[in-house]
Amino acid sequence: MSLEIRVARATSNPIARDHLSNGGAIRSFLSRDPGSLQAFSARAEAVDARFADRSALRDLVSAPSEASTSALDRVVAGGGYLVTTGHQPGLFGGPLMGLYKMLSAVRLARDLEEAMDAPVAPAFWVASDDHDWDEARRTWLLDSSNTLVEIALPPGDADAARPAMADRPLGPAVREALDALEGALPETDFSAPLLAALREAYTPEATVAGAFEHWFGALAGRLGVLFVDPAGEATRAASEPILLAELAAAERQERRLADRSTELVEAGYHAQIPVLEGGTNLHLAGPAGRERLFRDGDRFRMRASGTVLDGDEVRERARQARALSAGVGLRPVLESAILPTLAYVGGPAEVAYFAQIEPLFAEHDLEPPIVVPRFSVTLVEGKVGKVLDRFDLEPADFDRPAHEIAARVLRDELPEDVAEALKALRGSLGEAYARLGEAVKSVDPTLSGAVASARNAALGETREIEKRIARHAEDRRDIAIEQLRKAEVNLVPGGKPQERVLNALQYLARYGPGLLDDVLAAMGSLVGAPAGR
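Quick look at the structure, then. (Residues numbered from 1 in each chain as written. Predicted model: local features only at pLDDT ≥ 70, side-chain atom pairs only at ≥ 80, totals over all residues. Heavy atoms only, no water.)

1. Section: the overall build of the chain
Link 1 in the chain: Of the regular secondary structure elements, the chain holds 20 helices and 14 strands.
Link 2 in the chain: Over its C-alpha atoms the chain spans a radius of gyration of 31 Å, topping by over 25% the 24 Å that the globule rule assigns to 533 residues.
Link 3 in the chain: For the chain, the spread of C-alpha atoms along the three principal axes comes to 120 × 55 × 50 Å.
Link 4 in the chain: Scored against the burial criterion, the 533 residues of the chain give a buried share of 51%.
Link 5 in the chain: The contacts in the chain between residues at least 6 apart in sequence include a share of 75% that link residues at least 24 apart.
Link 6 in the chain: As displayed, the chain offers around 23600 Å² of accessible surface, 49% of which is attributable to carbon and sulfur atoms.
Link 7 in the chain: Taking the average place of the 60 positive charges on the side chains of the chain and the average place of its 80 negative ones, the gap between the two points comes to 3 Å. (Helix = DSSP H or I, 4+ residues; strand = E, 2+ residues; numbered from the N terminus. Rg over C-alpha atoms; globule rule 2.2 N^0.38 Å. Buried < 20%, exposed > 50% of the residue type's maximum accessible area, 1.4 Å probe, protein only. Contact = heavy atoms within 4.5 Å. Areas by Shrake-Rupley, 256 points an atom, 1.4 Å probe, with all protein chains shown as cover. Lys, Arg positive; Asp, Glu negative; His and termini not counted. Charge placed at Lys NZ, Arg CZ, Asp CG, Glu CD.)

Structure, rendered in structure tokens:
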């Protein structure tokens, strides 16, 4: 396979870096070492104390394959655990990083199952209550001409309600998006089956979240992945006690979050979640869509519409219509309350979330799961690898534009040895013709003019040679810039890391579904040496 898979841990902020390396003051904010089996064993004991019976799990997760069903059965029957991760649903699966989160969770679950001698299954939390349509409706990939192509559904009406992705149908435009995708993908042995599976998932009647889960289930179900939809009836029912308890403790939780944010900043870190005065960790669905709730005296105000409700009215809506949902700060708390979660696999921002929200668990008499930084992956195809080898570059070197890289690896002027040789030639010609000019005076003084003309002609020829060499050097530089730009659009499309922009489909069409197994194989162990349970 002409594809190199480069993996690293996703630690692009100081909190994530220190969490992985046990550096700085991080254990004051994230109490458990993500590489310690002792930490996982302690967490398992806390889960066991809450979940004597795992049978309710069958109603809370979906199993899209025989492998997933088998994993679920083992967890329920064997008193097992989940390694969870999650992402907001994006068109055709969204950017690669959502897939890498899932694969990192698969890897960690396998590592822990072997090390702890207990059933551990990966579970993907589909953030179906997300309502960012502008993000969910588009995706990007490189076509056969190496051009970055955006495929998108129509933008929403800015003045219309913003329904959650669980309630938003894809609509007829998804057929055009699928046609555009087919036109952008290379025709290979793998592309037709991929497109068939996508067309089965992405129908006009399907919701954004439903299609996303269907597609990821078809893609990774064979790896034993389970799925959790917070909009599912059973999940909403199980979540209600936590949501209502959070509503009652909103003011206290705001203080906890504000205090922890201050502590993080004083320790030299950052607060990932903005703490807004009166802000709760809850959202309420209404005519304007899903809106964050703010405390307004002893009542609550919906942020977008300005609707003011008292606590009883909010509770009634929660019970009657299940309209209450968790905000980003409460989602991990809610998950730990309803699922036997051993660990959560997250990106750098999510690791920072956990450092900030750890105090919120106490209100619900819960302990946080162990948060484990996911793997970051860069796929380097053969054509890109050749460019990197030619110029002795790494993907990380593309933190600057291609023309700046070219200026660093190729001199804008003539190569030094060529420039020195031309300088020496001009010098020697000048000296030789000067001596000849003096010598011919004794023969015939009028010959000095002929010698000067010959010298000027020789120097002129030298200048022409220099120009030709310079043109070749400039052509070489232009070719290098073009090659570097092609590598740039593969590695940092739009100036962002590949995994945050490109869809997996362009690679799956070239290398097949076995690519997932290859990425898993490239991922190293996420925990320490095996130890007893």
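From this point, the discussion proceeds with the structure in view.
2. Considerations on the sheet that holds strand β12 (residues 341–346)
Link 1 in the chain: One open sheet holds the five strands; their spatial order is β6-β3-β2-β12-β13, and the pairing between them is parallel. Single-partner strands in this sheet number two, and they are β6 (226–228) and β13 (370–373). Adjacent strand axes in the sheet meet at a mean angle of 30°, parallel and antiparallel pairs treated alike.
Link 2 in the chain: Strand direction decides the pairing type here: strand β3 (residues 120–126) and β6, joined by three bridges, are parallel. By the bridge assignment for β6, Trp-125 is matched with Val-228.
Link 3 in the chain: Against the sheet, helix α5 (residues 96–116) engages β2 (81–87), β3, β6, β12 and β13, with an angle of about 170° to β2. (Pairing = 2+ DSSP bridges. Axes fitted to C-alpha atoms, helices over the stretch in contact; angles between N-to-C directions.)

3. Quick notes on helix α2 (residues 37–50)
Link 1 in the chain: The end-to-end C-alpha distance of α2, which contains 14 residues, comes to 20 Å, matching closely the 20 Å that a straight helix rising 1.5 Å per residue would cover.
Link 2 in the chain: When α2 is considered as a whole, its buried residues turn out to be Leu-37, Ala-39, Phe-40, Ser-41, Arg-43, Ala-44, Ala-46 and Val-47.
Link 3 in the chain: Those residues of α2 that are buried are in contact with β2, α5, α13 (331–338), β12 and β13.
Link 4 in the chain: The backbone nitrogen of Gln-38 lies 3.3 Å from a side-chain oxygen of the residue at the head of α2, namely Ser-36. (Expected span 1.5 Å × (residues − 1). Polar contact = N/O pair within 3.5 Å; in protein donor to acceptor, adjacent residues only side chain to side chain.)

4. Notes on the pattern of salt bridges
Link 1 in the chain: Here the structure, examined in full by the defined rule, presents 30 salt bridges.
Link 2 in the chain: Across the pair Arg-138 and Asp-134 runs a salt bridge, and its minimum N-O distance is 2.8 Å.
Link 3 in the chain: The exposure class assigned to Arg-138 is buried, which follows from its relative accessible area of 19%.
Link 4 in the chain: For the salt bridge of Arg-315 with Asp-312, the shortest nitrogen-to-oxygen distance reads 2.9 Å. Of this pair, Arg-315 and Asp-312 both sit in helix α12 (residues 311–321), three residues apart, which is roughly one turn of the helix. (Salt bridge = Lys/Arg side-chain N within 4 Å of Asp/Glu carboxyl O.)

5. Describing the sheet that holds strand β7 (residues 279–286)
Link 1 in the chain: Ordered by their spatial adjacency, five strands build an open sheet running β10-β9-β8-β7-β11, and the pairing between neighbours is antiparallel. The two strands at the open ends of the sheet, each matched to only one other strand, are β10 (308–310) and β11 (324–326). For this sheet, the mean angle separating the axes of adjacent strands, direction not counted, is 40°.
Link 2 in the chain: As defined by bridge partners, β7 adjoins strand β8 (residues 289–296) across five bridges and the pair is classed as antiparallel. Counterpart to Leu-284 in the pairing with β8 is Glu-291.
Link 3 in the chain: On top of the sheet, α12 reaches β7, β8, β9 (299–302), β10 and β11; it is set at about 90° to β10, its chief contact.

6. Quick word on helix α16 (residues 402–409)
Link 1 in the chain: Every buried residue of α16 is accounted for by Ala-402, Ile-405 and Ala-406. Taken around the axis of α16, the buried residues stretch over an arc of 100°, which confines them to a single face. (Arc of directions from axis to C-beta.)

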